[in-house]
Structure formats: structure tokens, C-alpha cells
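Coordinates in review
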Amino acid sequence: MVPAVLRRLEPVVYSRTTLELDDGDFLDLDWVKSKSETDRLLIALHGLEGSSVSYYAQGVGKHFSEAGWDVLVTNHRGCSGRINRLLRMYHMGATDDVGRLVKHGVELGYKKIGIVGFSLGGNLCLKYLGEEGHRVPAEVVGGVAFSVPCHIASANRKIDKPHNRIYLLRFLRSLNNKVRLKHRDYPDRIALPTGQNGDKWPSSFAEFDDRFTGPIHGFAGAEDYWEKSSSRQFIPGIKVPALLVNAQNDTFLSQECFPFDEARAMENFWLETPEKGGHVGFGGPKGEAYWSEQRALQFFEQTVGLGTTYPAPKSKAYL
């Protein structure tokens, strides 16, 4: 909670563009450009109900731009301050939008593209890289993901525990409000709770995803959505260097969210499990870049500068 509440960053000055999508929707993109011309682009993917103004999004944008990268901080559908056009919104498995962002970067002429994702955005990062495998454009040099509930069903059971209730209620308040806004545009497609005979607003992710996320996005329900969207099953398909950092004291993550076996078996996938860090809370000295931002930049700089071989030796210290 400390970084989210107490971190003080010099405001990042974004320049916004809107990317029109083939399905008739749009993505609002916020850019932080390097002071010098560069062929490197970082695509930053925020977490559930976050946006480009989230502290971690601004932090990574500032740190990478100062290091000579252009940074594209996306706002998932409906997260930019204006509701998106279509009935569909964003969700844990919506990697089609990630692919479109990568294509946009290639079209703009970037030669080296990295992806960094936080929480939900981290799940999208890993799922995209694993799904696409060898089809990932050659410009994509790798991905870094922080605090990822890569096994969604068990993570949601963990989030439903009493000690996480304050976070869960905050998420659901925002998500339920967004459904109300979407109902205004699609009153015949979304039925709001009546408050009668037990028909109440969702009070858990299971209820929300079963009633809204699943049906809206073509899933049979919450369990079907979670199963198909969890990134862990796609990790073996990743063909570019990728790093997952999940803290041991992250109260959102279940044991299934720590893919040790995959990290031991794969040459291009690393799992780091620091003792502390919480959920997207990897801090640092006041006024300096957070550890997570430094770690992501280090990974990308080493990968870009030395090809596809990560210089640090694989050892149990990373597991």
C-alpha cells in the first residue's frame, strides 16, 4: 500500500495519441519520449483498474525514458478516463490488444520492443509471448512481468481471504461502477442487479466474472474465463527472453502463481521471488527509481546489448 499512497513522483508529462482498432474500438496511448532519437520502445501494461497515471506506470515511463527509450503506456479499454465504444472491455486474457500495440510499434519504425506488465498487465505480457511463440515479431526483444496472478482461479481464492478484503472491495467498487456506465450504452446487453430476492451487486471476483466478465467476453462463466486466461499454461511457449518477478509476501498470489518448474526447465524464462515487494510494491530510496523499474531496465538493456543470452547464470538463487 505504501507506494500507491505515499510515493511522490515528479509528474510525468505524457503526450496522448489514440489508436483506432479494426473492431471499431480504440485505445488511448500515453507516451513518454526519450530526449534523443531512439529505436527502442517499451510497451507498459497496467494492472486491474489502473491506467497510465498509476504510480508504477509513471515510474517505469520516467525511468526508461531517461535511459534512452521511448515508452508507450497503454490504457486498457475503458481505463483512459473515457468509456470505450464496444460492449467488450479489457480482461486478463485480452492479448489481441497487446498484439495490436506491438504491431503499432513496428509500424512506427521501432527496431527493439520490450514489454513490461504489472499484475493483470503482467499476465497479458506472458500470455501474449507464450501464445505467439515464434510468431512474435522479430522486433520484440523480451518481456518482464511483475506480481502476476498467472494461475487466476487459485489467486482469486487467495484474494477472497479476509486479510485482502480491503483491496477486493476497492477493485469491485470500481468495476461495478464501470458496468453501470457500460449499461447506459448497452441496456439490452447488460442486466444490472435489481436488489431484490438476493439479486445483488457482486461482492467477489467469482461473482463479478460469472455475471459480467465471462458472458460479455464469450466465456461460459468465471471458471472458464480463468482457465483460458491464466498465463502459466502459456509460459512454455515463450521463445524470447522473459522474466517474472513475484514477491514471496504478495498477499494476492497463491502457490500456483510461482512457476518454478518452468523456470528450471526453460533457457529463456526466469523466475525471481524476492522475499519482500508485496503486490506491485517493489520500493526504493526516496526520490530514486523503484527496484522494479531498475530491474526491468537492467534485464532489457542486457538482453538488447548482448543478444538473446541473459548474462547472469541460472541458479537456484533466482528461484
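Just above sits the structure.
These remarks concern the structure in this document. Every value quoted in this text rests on a predicted model; they were computed, and no experiment measured them.

Thresholds applied
- Residues numbered from 1 in each chain as written.
- Predicted model: local features only at pLDDT ≥ 70, side-chain atom pairs only at ≥ 80, totals over all residues.
- Heavy atoms only, no water.
- Helix = DSSP H or I, 4+ residues; strand = E, 2+ residues; numbered from the N terminus.
- Buried < 20%, exposed > 50% of the residue type's maximum accessible area, 1.4 Å probe, protein only.
- Areas by Shrake-Rupley, 256 points an atom, 1.4 Å probe, with all protein chains shown as cover.
- Lys, Arg positive; Asp, Glu negative; His and termini not counted.
- Charge placed at Lys NZ, Arg CZ, Asp CG, Glu CD.
- Polar contact = N/O pair within 3.5 Å; in protein donor to acceptor, adjacent residues only side chain to side chain.
- Contact = heavy atoms within 4.5 Å.
- Core = buried A, V, L, I, M, F, W, Y, C linked by side-chain atoms within 4.5 Å.
- Expected span 1.5 Å × (residues − 1).
- Salt bridge = Lys/Arg side-chain N within 4 Å of Asp/Glu carboxyl O.
- Pairing = 2+ DSSP bridges.
- Axes fitted to C-alpha atoms, helices over the stretch in contact; angles between N-to-C directions.
- Patch = residues over 30% accessible without salt bridge, like charges linked within 9 Å, V, L, I, M, F, W, Y side chains within 5 Å.
- Right-handed = clockwise from strand over helix to strand, strands pointing away.
- Phe/Tyr/Trp six-rings, centres within 6.5 Å; stacked < 30°, edge-to-face > 60°.

Here we take up the overall build of the chain. Looking only at helices and strands, one finds ten helices and eight strands in the chain. Out of the 319 residues in the chain, the part that is buried amounts to 56%. Only carbon and sulfur atoms are counted for the fraction: they give 51% of the accessible area of the chain, which is about 14,500 Å². Of the side chains in the chain, 39 bear a positive and 38 a negative charge, and the two mean positions are spaced by 3 Å.

Position of serine 34 among the secondary structure elements: in the loop between β2 (26-32) and β3 (40-45). Looking at serine 34, its side chain comes within polar contact range of the main-chain oxygen of serine 36, at 3.2 Å. Those residues in contact with serine 34, other than ones at most four positions away along the chain, are Ser65, Gly68, Trp69 and Asp70.

Looking now at the nonpolar core. Soluble, globular proteins show a tendency: their nonpolar side chains are buried together. Ranked by size, the top nonpolar core spans 62 residues in total, and within it Leu45, Leu101, Ile115, Leu126, Leu129, Ile238 and Phe269 carry the most contacts. At six residues, helix α4 (residues 120-132) tops the list of elements feeding residues into this core. Judged by nonpolar contacts, the second largest core, of 27 residues, contains Tyr55, Phe64, Phe118 and Phe282.

Relative to the 18 Å expected for 13 residues at 1.5 Å per residue, helix α3 (residues 95-107) spans 18 Å between its end C-alpha atoms, a close match to the ideal helical length. Residues of α3 that are buried: Thr95, Asp97, Val98, Arg100, Leu101, Val102, His104 and Gly105. Where α3 terminates, the next one or two residues include glycine 109, which has phi positive at roughly 100 degrees.

The next thing to look at is the environment of leucine 297. Position of leucine 297 among the secondary structure elements: in helix α10 (residues 291-305). Its relative accessible area of 11% is what places leucine 297 among the buried residues. Counting along the chain gives 247 residues from leucine 297 to glycine 50, while the straight-line C-alpha distance between them is 21 Å. For leucine 297, the contacting residues outside a window of four places in its chain are His63, Phe64, Ala67 and Trp69.

Enumeration according to the criterion identifies 22 salt bridges in this entry. Between aspartate 23 and arginine 88 there is a salt bridge, with the nearest N and O atoms lying 4.0 Å from each other. Separated by 65 residues along the polypeptide, aspartate 23 in the loop between β1 (15-20) and β2 and arginine 88 in the loop between β4 (70-75) and α3 bring together distant segments of the chain. Taking relative accessible area as the criterion, aspartate 23 reaches 35% and is therefore assigned partly exposed.

Here the focus is the sheet that holds β2. One open sheet accounts for eight strands, arranged β1-β2-β4-β3-β5-β6-β7-β8; its pairing is mixed. Of all strands in the sheet, those bounded by a partner on one side alone are β1 and β8 (269-272). The mean angle between the axes of side-by-side strands here comes to 20 degrees, regardless of whether they run parallel or antiparallel. Across four bridges, strand β7 (residues 242-245) lies against β8 in parallel orientation. For leucine 243, the partnering residue across the bridge sits in β8 and is tryptophan 270. Where helix α2 (residues 55-66) meets the sheet, its contacts fall on β2, β3, β4 and β5 (112-118), and the angle it forms with β4 comes to roughly 165 degrees. This element, α4, spans β3, β5, β6 (140-146), β7 and β8 of the sheet and lies at about 135 degrees to β5.

A few words on a negative patch on the surface. Taken together, the side chains of Glu207, Asp210, Glu223 and Glu227 make up a negatively charged region of the molecular surface. If you list the elements that add at least two residues to the negative patch, you get α7 (205-216) and α8 (222-229).

Moving on: the pairing of β7. What you see with β7 is no split at all: Ala242 and Leu244 on one side and Leu243 and Val245 on the other are buried throughout. Bridge count between β6 and β7: four bridges; the pairing is parallel. When the bridges of β7 are listed, glycine 143 appears paired with alanine 242. Chirality of the crossover, the property in question, places the unit of β7, helix α9 (residues 260-265) and β8 among those that are right-handed.

A few words on the packing of aromatic side chains. Applying the stated criterion across every chain yields a total of 18 aromatic pairs. The interplanar angle of 85 degrees and the centroid separation of 5.2 Å between the aromatic rings of tyrosine 55 and tyrosine 56 together place this pair among those described as edge-to-face. Across the pair, tyrosine 56 and tyrosine 55 agree in class, each one buried. Between the aromatic rings of tryptophan 69 and phenylalanine 300, the centroid separation amounts to 5.8 Å while the plane-to-plane angle is 50 degrees, which identifies the pairing as tilted. One end of the pair, tryptophan 69, is in the loop between α2 and β4; the other, phenylalanine 300, is in helix α10, and 231 residues separate them in sequence. Each member of the pair tryptophan 69 and phenylalanine 300 is classed as buried.

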